[in-house]
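The chain contents come next:
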Amino acid sequence: MGARVSLSGTGMRAVSHDLERLAVNARNMKPALEQVAQVAVDATRAQFDAEGSHFHGTGWAPLSPRYAAWKQRVKPGAPILQLTGKLKRTVAPASAPQAGFYKVSATRMEVGMLYQQVPYAKYHQEGGQNLPDRPIMGPLTREDQKAMSKVVHTHLMMGVRR
């Protein structure tokens, strides 16, 4: 599937070059999608660092008093959802390719984790019988969306004359 554009006339050579360059860049989005995956992972890491307020603006529900007291004795100062660090390391590592699930091609990007890797993640994400939901992943913020759009725009415009 593709389009062919033929332009003629004064100054059309540069326009034709730019359109061809855009088409070439659009055929292989892998470099841009790798960067978009990193933005997604960074946003999820921000969700941990903000204890739930990055995506939704409100933080995660506080720990129950009993569990908070136990956690304070066992791991003083550990943030919510970060007792061992496994959950954060799996879903929000420093480098996107180290995520629990990472798949990028020229046309598609998937990054995150599988519940099999950290089975209790599902209960934090969705909540459970006596456990409030503490979403790890959520809708992207406007800033996250802008960052992703900027990556895509920069990739598409590579080699286009300005």
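The paragraphs below set out a description of the structure included in this document. Positions within a chain are numbered from 1, following the residues in the order the chain's sequence is written. The predicted nature of this model means local features are confined to residues of pLDDT at least 70 and side-chain atom pairs, given and counted, to a pLDDT of 80 or more, with totals for whole chains, interfaces and linings taken over all residues. Derived side-chain values reflect all non-hydrogen atoms in the structure, with water molecules and hydrogen atoms excluded from consideration.

A separate point is the environment of methionine 113. Helix numbers and strand numbers start at the N terminus; a helix is a DSSP run of H or I with at least 4 residues, a strand a run of E with at least 2. Tracing the chain through its elements places methionine 113 in the loop between strand S2 (109-112) and helix H6 (121-126). Residue burial is assigned from relative accessible area. The probe radius is 1.4 Å, only protein chains are included, and a residue is buried under 20% of its type maximum, exposed over 50%, and partly exposed in between. Methionine 113 gets classed as buried once you look at its relative accessible area, which sits at 12%. Remark: the alpha-carbon pair of methionine 113 and glutamate 20, spanning 93 residues in sequence, is separated by 37 Å. Every residue pair with non-hydrogen atoms within 4.5 Å of one another is taken to be in contact. Apart from residues no more than four positions distant in its own chain, methionine 113 is found in contact with Leu87, Thr90, Val91, Gly100, Phe101, Val118, Ala121, Ile136 and Met137.

The subject of this paragraph is the packing of aromatic side chains. Only rings of Phe, Tyr and Trp enter the pairing, Trp through its six-membered ring, and a pair is recorded when the two centres are within 6.5 Å. The plane angle decides the type: under 30 degrees is stacked, over 60 is edge-to-face, the rest tilted. All told, the structure shown has 2 aromatic pairs when counted by the stated rule. With centroids separated by 5.9 Å and ring planes inclined at 80°, the aromatic side chains of phenylalanine 48 and tryptophan 60 adopt a geometry described as edge-to-face. Note that phenylalanine 48 is positioned in helix H2 (residues 30-49) and tryptophan 60 in the loop between helix H3 (53-56) and helix H4 (65-74), a separation of 12 residues in sequence. Note on accessibility: phenylalanine 48 and tryptophan 60 belong to one class, buried.

What follows covers the pattern of salt bridges. Think of a salt bridge as a Lys or Arg side-chain nitrogen and an Asp or Glu carboxyl oxygen that are within 4 Å of each other. Counted by the stated rule, this structure contains 3 salt bridges. Between lysine 88 and aspartate 49 there is a salt bridge, with its nearest N and O atoms 2.6 Å apart. One end of the pair, lysine 88, is in helix H5 (residues 86-91); the other, aspartate 49, is in helix H2, with 39 residues separating them in the sequence. Take aspartate 49: its relative accessible area is 52%, and that puts it in the exposed class. The salt bridge partner of arginine 108 is glutamate 110, with a shortest N-O separation of 3.2 Å. On the basis of relative accessible area, glutamate 110 is assigned to the partly exposed category, the value being 26%.

On to the environment of methionine 29. Looking at where methionine 29 falls in the secondary structure, it is placed in the loop between helix H1 (12-27) and H2. As for methionine 29 and valine 152, which are separated by 123 residues in sequence, their C-alpha atoms are 8.0 Å apart. Dropping the residues within four chain positions of it, methionine 29 is found in contact with Ala106, Val152, His155 and Leu156.

Turning our attention to H2. When the terminal C-alpha atoms of H2 are compared, their 28 Å separation across 20 residues agrees well with the 28 Å that a helix rising 1.5 Å per residue should span. Taken residue by residue, H2 has Ala32, Leu33, Val36, Ala37, Gln38, Val39, Ala40, Val41, Ala43, Thr44, Gln47 and Phe48 as its buried positions. In this structure, the buried residues of H2 make contact with H3, H5, strand S1 (101-104), S2 and helix H7 (142-156). Looking one or two residues beyond H2, the residue adopting positive phi is glutamate 51, at roughly 50°. Expected helix span is given by 1.5 Å per residue-to-residue step, counting one fewer step than there are residues.

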